[in-house]
Amino acid sequence: MHIGDWDARFLSRYDPVAAAQAVVDANADAAMIYFQSHVGLCYWPTQSGTQHLGCHGRDLAGETLQALTERNMTVCGY
C-alpha cells in the first residue's frame, strides 16, 4: 500500500479482517504486508516515523498480520 495521506478518505475504510479474508478467498498461498510505504508513512503507531493519518492511531499492519495468521496464512513483511 503506497498511499499518501493528503486526502482524509485514504485508508479511512480499510478493514484488516476483510483484507485478510480476501486473501484467503483468492486461494493465495501467502501474503505480504507493507509496514511502511515508499512515501515514508507507517501503518502502525510509531515514535520514530510518521504514521499514516488514515490509521487514526490504529495498528493496521498488526491487525492485518493477526487476521492473516488467524486464518493460517503464511505472511511476510516488507
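This text follows the structure it describes.
The rules behind each value
Residues numbered from 1 in each chain as written. Predicted model: local features only at pLDDT ≥ 70, side-chain atom pairs only at ≥ 80, totals over all residues. Heavy atoms only, no water. Helix = DSSP H or I, 4+ residues; strand = E, 2+ residues; numbered from the N terminus. Rg over C-alpha atoms; globule rule 2.2 N^0.38 Å. Buried < 20%, exposed > 50% of the residue type's maximum accessible area, 1.4 Å probe, protein only. Contact = heavy atoms within 4.5 Å. Areas by Shrake-Rupley, 256 points an atom, 1.4 Å probe, with all protein chains shown as cover. Lys, Arg positive; Asp, Glu negative; His and termini not counted. Charge placed at Lys NZ, Arg CZ, Asp CG, Glu CD. Polar contact = N/O pair within 3.5 Å; in protein donor to acceptor, adjacent residues only side chain to side chain.

Caption draft 1: The overall build of the chain, seen in detail. When helices and strands are tallied, the chain shows two helices and four strands. Secondary structure elements of the chain, listed N to C terminal, follow the sequence α-β-β-β-α-β. Its C-alpha atoms give the chain a radius of gyration of 12 Å, near enough to 12 Å, the size a compact globule of 78 residues would have. Expressed along its principal axes, the backbone C-alpha trace of the chain runs to roughly 35 × 25 × 20 Å. Within the chain, the proportion of its 78 residues that are buried is 28%. Nonlocal contacts in the chain, meaning residues at least 24 apart in sequence, comprise 62% of its contacts between residues at least 6 apart. Put simply, the chain shows about 5000 Å² of open surface, and 53% of that area lies on carbon and sulfur atoms. Where the 4 positive side-chain charges of the chain centre and where its 8 negative ones centre are 8 Å apart.

Caption draft 2: Structural view of helix 1 (residues 16-25). At the N-terminal boundary of helix 1, the capping side chain belongs to Asp15, with an oxygen 3.0 Å from the backbone nitrogen of Val17. Just beyond helix 1, the residue with positive phi is Asn27, at close to 60°.

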